[in-house]
Amino acid sequence: MEDKPLGILRVHVKRGINLAIRDSTSSDPYVVVTLGNQKLKTRVINSNCNPVWNEQLTLSIKDVNDPIRLTVYDKDRFSGDDKMGDGEIDMRPFLEAHQMELDFQKLPNGCAIKRIRPGRTNCLAEESSITWSNGKIKQDMILRLRNVECGELEIMLEWTDGPGCKGLGREGSKKTPWMPTKRLD
């Protein structure tokens, strides 16, 4: 029997910024989002290095330690698609914001709950804020693509407790079903 997922994560792939040229003067980019054995992709935007996708891709979350991988490709009609860079999202800071001992309903709309700075351990191009917005916790971010000369992706994460999901467990305790248990030796 398969474990129930913790919940559903919506990955809103907003746009690409200054993506690499892989054809003669432009590219035909699309994004592949991978988490474990789940693999989803956006539509192809023809001849555009600053594409706007505005697509929501939905992932079932079972293990919060698995990073979300995003890879940008250039669609080629007659040969294999060219890679245009990649990045990863560590979703743990986003999910930890859900565990904070706050009465979110009393927060003003747009209130920042947590900020994550760019660093060596993430692909952030600039500081990312986790906010309370329209009754939901969201995280907007700009990811700097790796393994390429240039390019960024604008992404937004949104968590949903789907039907049949375990949830993140905010029952007045910081101990949650998905956070590792500390051992005292």
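Residues numbered from 1 in each chain as written. Predicted model: local features only at pLDDT ≥ 70, side-chain atom pairs only at ≥ 80, totals over all residues. Heavy atoms only, no water.

As annotated in an unreviewed UniProt entry, the chain carries the name Probable ADP-ribosylation factor GTPase-activating protein AGD13 and comes from Brassica campestris. The Sequence similarities (unreviewed entry) comment attached to the chain in UniProt states, word for word, "Belongs to the plant CAR protein family." (UniProt positions renumbered as here; feature names shortened; annotations may be inferred.)

1. Side note on the sheet that holds strand β9 (residues 136-144)
Taken in spatial order, the six strands make up an open sheet running β4-β1-β10-β9-β8-β7, and their pairing is antiparallel. The outermost strands of the open sheet, each flanked by one partner alone, are β4 (52-61) and β7 (111-116). Ignoring which end each strand starts from, the neighbouring axes of this sheet average 20° apart. In the sheet, β7 pairs with strand β8 (residues 128-133) via five bridges, with the strands oriented antiparallel. Bridge assignment links Cys-111 to a residue of β8, and that residue is Trp-132. (Pairing = 2+ DSSP bridges. Helix = DSSP H or I, 4+ residues; strand = E, 2+ residues; numbered from the N terminus. Axes fitted to C-alpha atoms, helices over the stretch in contact; angles between N-to-C directions.)

2. Considerations on the environment of Leu-95
Turning to its location among the elements, Leu-95 is positioned in helix α1 (residues 92-98). The sequence separation of Leu-95 and Leu-168 amounts to 73 residues, and the corresponding C-alpha distance is 8.0 Å.

3. A short note on the pairing of β8
For β8, the tally of buried residues reaches six of six residues, placing the bulk of the element in the interior. Neither face of β8 is left uncovered, since the one carrying Ser-128, Ile-130 and Trp-132 and the one carrying Ser-129, Thr-131 and Ser-133 both have all their residues buried. For β8 and β9, the ladder comprises five bridges, and the chain directions are antiparallel. Among the inter-strand pairings, Ser-129 is bridged to a residue of β9, identified as Asp-140. Turn length for the β8-β9 hairpin, with the two strands adjacent in sequence and antiparallel, is two residues, and the turn residue Asn-134 shows positive phi of about 50°. (Buried < 20%, exposed > 50% of the residue type's maximum accessible area, 1.4 Å probe, protein only.)

4. Quick look at the layout of surface pockets
Empty space within the second largest pocket amounts to approximately 170 Å³. Around the second largest pocket, the lining comprises 14 residues; the ones closest to its centre are Asp-90, Pro-93, Ile-116, Asn-122 and Leu-124. Looking at the lining of the second largest pocket, the elements with two or more residues in it are β6 (82-89), α1 and β9. The class makeup of the residues in the lining of the second largest pocket is eight nonpolar, three polar and three charged. (1 Å grid on protein atoms, 1.4 Å probe; cavity = no way out; pocket = protein on both sides within 12 Å on 5 of 7 lines; lining within 4 Å. Points joined across faces, edges and corners; volume = space filled by probe spheres on them. Nonpolar A, V, L, I, M, F, W, Y, C, P; charged D, E, K, R; others polar.)

5. Observations regarding the packing of aromatic side chains
Following the criterion strictly, the structure yields one aromatic pair and no others. Between Tyr-30 and Tyr-73, the ring centres sit 5.6 Å apart and the planes meet at 25°, which makes this aromatic pair stacked. Of this pair, Tyr-30 sits in strand β2 (residues 29-35) while Tyr-73 sits in strand β5 (residues 68-74), and the two are 43 residues apart along the sequence. With relative accessibility at 24%, the residue Tyr-73 sits in the partly exposed group. Lys-41 extends its terminal NZ or CZ atom over the ring of Tyr-30, reaching a point 4.7 Å from the ring centre. (Phe/Tyr/Trp six-rings, centres within 6.5 Å; stacked < 30°, edge-to-face > 60°. Lys NZ or Arg CZ within 6 Å of the ring centre and 35° of its normal.)

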